[in-house]
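# Structural characterization, general
Here is how the chains run, residue by residue.
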Amino acid sequence: MKGAMKLLLIVLSVIIFVTGIPNKERLVLAETTEKLKEVYGDYFMIGTCADNSYFSSSSAKYRVLSEHFNAITAENMMKPESLQATEGDFTFAQADRLVKSTLSNDMTMIGHTLAWHQQSPKWMNSGVGRDEAIRNLENHIAEVISHFGDDVYSWDVVNEAFNDSVTDPSNWRGALRDTPWKKAIGSDYLEIAFKAARKANPNIKLYYNDYNMDNPSKREAAYYMAKEFLEKDIPIDGIGMQGHYNMMTSVAAVEASILRFKELGLAISITELDVTVNEARGQSKLSEKLELAQAQKYAQLFKVFKENADAIERVTFWGISDAASWRRESFPLIFNSKYEPKQAFYAVADPDKFLEENPIAKPDADAEAKTANAAYGKAEIGGDESQWKNAEEIKVNNYIMAWQGATGTAKVLWDEKNLYVLFKVTDSVLNDSSVNPHEEDSVEIFLDETNGKMPFYENDDSQYRINYKNVKTYGATGEPKTGKVVSYAAAESGGYTVQAQIPFRKIKGEKGLTIGFDLQINDANAQGMRVSIAKWNDLTDNSFQSVSGFGNLTLK
Ligand code: 9MR
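A short tour of the structure in this document, coming up. Predicted model only: the values in this text are computed from it and were never measured.

Further remarks concern the overall build of the protein chain. Helices and strands together make up the secondary structure of the protein chain, namely 14 helices and 22 strands. Relative to the compact-globule value of 24 Å for 556 residues, the protein chain shows a C-alpha radius of gyration of 27 Å, a close match. Here the protein chain, with 556 residues, has 55% of them falling under the buried criterion. Summarising the internal contacts of the protein chain: among those between residues at least 6 apart in sequence, 72% fall at separations of at least 24. For the protein chain, the separation between the mean place of its 61 positive charges and that of its 78 negative charges on side chains is 1 Å.

Here is the structure:
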């Protein structure tokens, strides 16, 4: 026995000497016994986006690809500018290679995308009339779909057609992004595209694909569009929830969207999954703590995907390794830059086990919410601050970023129709040069009128932002329809003051009522970068999409 062992060792050493194995990749890969495509074989396809480099057979990328994935989405090669940069001149060679590699590796090919506002040549839809634009759209779709035929299983027919901030989702046409296709054709460009796709090949699945589909108002816009298509027999088979998530993404909101689309009986795919760790942005590696937190988020997501597998046909990651991701600086994928599995890989492979072994600490959002009181009374906005003299002072001084910057206090009055907020901010450097309003020196007021504390926004929930120059911006649910938001702001030595009158949307102010409420101060530095966020109660940076962490405001 001993002799046999010795012989085995010698033989192994010789093999290692001759082949140069083991290198780290092979050793690590050998440890990942779970093959995702097998683990999820009975649930849904496991995909990744790719280009032809993924199939170069000696690479670590290819080994991971062939081991774990069974669906390929063309990351860029099937976009309009790749296939028809010049009118009538179709360039299929690169995409054809990708399709060939995909099929010869027994994987499913996914087409992405036919009508989009990016990576599309101008000649198609800019400076042309409606009829010509329709002809261009229909021709492109007919040629491309016919060329690939049944080799492509499904197409993202229209990509990213909705605005990020949707105020009235039931009017889905009004929520459409003002893209070149929409400008040239009108809001019916979507149905024209879907009809052309079905006409070109009745065998393939036709998807509408978009990001932030976990945002309830954007999701609802897509829902109403798809519902109308189904009612009018406009062909559509699936909804692609891209799934460009981050650590603040509410898994409950993702699930709510899956359930909503399920109602329509459409196929659902998660089409571009990644989870950025923004806190680690720019660092050379992901800390153990953040790697675990990211894995927990992946585990929670896959738990939901598994539970809804009856409706989900594919979960596609937007890449394999952090090294080759479009968001590489925030470590978004499940293999690291050396193609070694991260904690997130194990979380995806067995989410229940992972969460059992690595339970999630009670999130801040579930922590006991603070309560403050608003005093009864009306204020003249822009008038004397003494109007608020009977109201309690609320301190906005809990920092949620590493840097501790501007801080402040607020006082609130209420009457039947409005809240009146007085904000006093201490901040010696004021700047409004960022392109993002939330990165300018500004205050934010959050309301959850029915105090439902849901992990998303409903129509009683609202977010208002007012910068130190009195520029107003609104969150997911937009401006109230019940009245005007009136505001005043003035910079003063060492800071600024904001006063705001905010109409209730759903409720009537009543003594003793408690509503969900929060306050935020965004602090920009002299270069216009946001360096600090102070909050009253919700210690997440997620108040813009979840009201679950708000504090309580009682109308006294
Ligand atoms: O990953 C793609 C990247 O290589 C391109 O430069 C980029 C250009 O917009 O598009 C990326 O993919 C996008 C996808 O097609 C649609 N959803 C968002 C993706 C990330 O931007």
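With that settled, consider the packing of aromatic side chains. The description of an aromatic ring pair uses the distance of the two centres, along with the angle that the planes make with each other. Per the counting criterion, the structure on display carries 24 aromatic pairs. Through a chain of ring-to-ring contacts, three or more aromatic side chains come together here, namely Tyr40, Tyr43, Phe44, Phe69, Tyr298, Phe302, Phe305 and Phe317. Here arginine 314 stacks its cationic end above the ring of tyrosine 207, 6.0 Å away from the centre of that ring.

Time to look at the pattern of salt bridges. For the structure shown, the criterion picks out 26 salt bridges. A salt bridge links aspartate 274 to arginine 327, with the nearest nitrogen and oxygen atoms 3.0 Å apart. One end of the pair, aspartate 274, is in strand S8 (residues 267-276); the other, arginine 327, is in the loop between strand S9 (312-317) and helix H13 (343-349), and 53 residues separate them in sequence. You'll find aspartate 274 and arginine 327 in the same group, each marked buried.

Further remarks concern the pairing of strand S3 (residues 108-115). Counting buried positions along S3 yields seven of eight residues, so the element is predominantly enclosed. One ladder, built from three bridges, connects strand S2 (residues 71-74) with S3; its direction is parallel. In the sheet register, isoleucine 72 faces S3, and the bridge partner there is methionine 109. By the bridge criterion, five bridges tie S3 to strand S4 (residues 152-159) in an arrangement that is parallel. When the sheet's bridge partners are listed, methionine 109 is paired in S4 with valine 152. Since S3 and S4 lie parallel, the crossover through helix H7 (residues 130-148) that links them has a hand, and here it is right-handed.

Neighbouring the ligand are 14 residues, the closest being Glu75, Lys79, His112, Gln118 and Glu272. One of the side-chain nitrogen or oxygen atoms of glutamate 75 is found 2.4 Å away from an oxygen atom of the ligand. Contacts to the ligand include lysine 79, whose side-chain N or O atom sits 2.7 Å from an oxygen atom. With the chains in place, 77% of the 450 Å² that the ligand exposes on its own is no longer accessible. Within the shell around the ligand, the residues separate by chemical class into three nonpolar, seven polar and four charged.

Attention now goes to the packing of helix H10 (residues 216-231) against helix H11 (residues 251-262). One can describe the packing of H10 onto H11 by two numbers: an axis separation of 10 Å at closest approach and a directional angle of 10 degrees. In this view, H10 runs roughly parallel relative to H11, as classed from their interaxial angle. Contacts between H10 and H11 involve Arg219, Glu220, Ala222, Tyr223 and Tyr224 from the first element and Ala256, Ser257, Arg260 and Phe261 from the second. When grouped by side-chain class, the residues that make up the contact of H10 with H11 number five nonpolar, one polar and three charged.

Note on placement: aspartate 156 falls in strand S4. The side chain of aspartate 156 sits in the buried core without any salt bridge; arginine 314 is the nearest counter-charge, 4.8 Å away. Leave out the neighbours within four places in its chain, and aspartate 156 touches Gly111, His112, Thr113, Leu114, Tyr207 and Asn209.

Here we come to the packing of H7 against helix H9 (residues 189-200). Two numbers describe how H7 lies on H9: the axes approach to 9 Å, and their chain directions differ by 30 degrees. Classified by chirality, the crossing of H9 by H7 is right-handed. Judged by residue contacts, Ile134, Leu137, Glu138, Ile141, Ala142, Ile145 and Ser146 of H7 engage Tyr189, Ile192, Ala193, Ala196, Ala197 and Ala200 from H9. Looking at side-chain class alone, the contact of H7 with H9 contains eleven nonpolar, one polar and one charged residues.

Further remarks concern H9. Under the 1.5 Å per step criterion, the end-to-end length of H9 is 16 Å for twelve residues, consistent within 8% with the ideal 16 Å. Looking only at H9, the buried set comprises Tyr189, Leu190, Glu191, Ile192, Ala193, Phe194, Ala196 and Ala197.

About the thresholds
- Residues numbered from 1 in each chain as written.
- Predicted model: local features only at pLDDT ≥ 70, side-chain atom pairs only at ≥ 80, totals over all residues.
- Heavy atoms only, no water.
- Helix = DSSP H or I, 4+ residues; strand = E, 2+ residues; numbered from the N terminus.
- Rg over C-alpha atoms; globule rule 2.2 N^0.38 Å.
- Buried < 20%, exposed > 50% of the residue type's maximum accessible area, 1.4 Å probe, protein only.
- Contact = heavy atoms within 4.5 Å.
- Lys, Arg positive; Asp, Glu negative; His and termini not counted.
- Charge placed at Lys NZ, Arg CZ, Asp CG, Glu CD.
- Phe/Tyr/Trp six-rings, centres within 6.5 Å; stacked < 30°, edge-to-face > 60°.
- Lys NZ or Arg CZ within 6 Å of the ring centre and 35° of its normal.
- Salt bridge = Lys/Arg side-chain N within 4 Å of Asp/Glu carboxyl O.
- Pairing = 2+ DSSP bridges.
- Right-handed = clockwise from strand over helix to strand, strands pointing away.
- Near = heavy atom within 4 Å.
- Polar contact = N/O pair within 3.5 Å; in protein donor to acceptor, adjacent residues only side chain to side chain.
- Areas by Shrake-Rupley, 256 points an atom, 1.4 Å probe, with all protein chains shown as cover.
- Nonpolar A, V, L, I, M, F, W, Y, C, P; charged D, E, K, R; others polar.
- Axes fitted to C-alpha atoms, helices over the stretch in contact; angles between N-to-C directions.
- Parallel < 35°, antiparallel > 145°, perpendicular 65-115°, else oblique.
- Left-handed = near helix turned anticlockwise from the far one by under 90°.
- Expected span 1.5 Å × (residues − 1).

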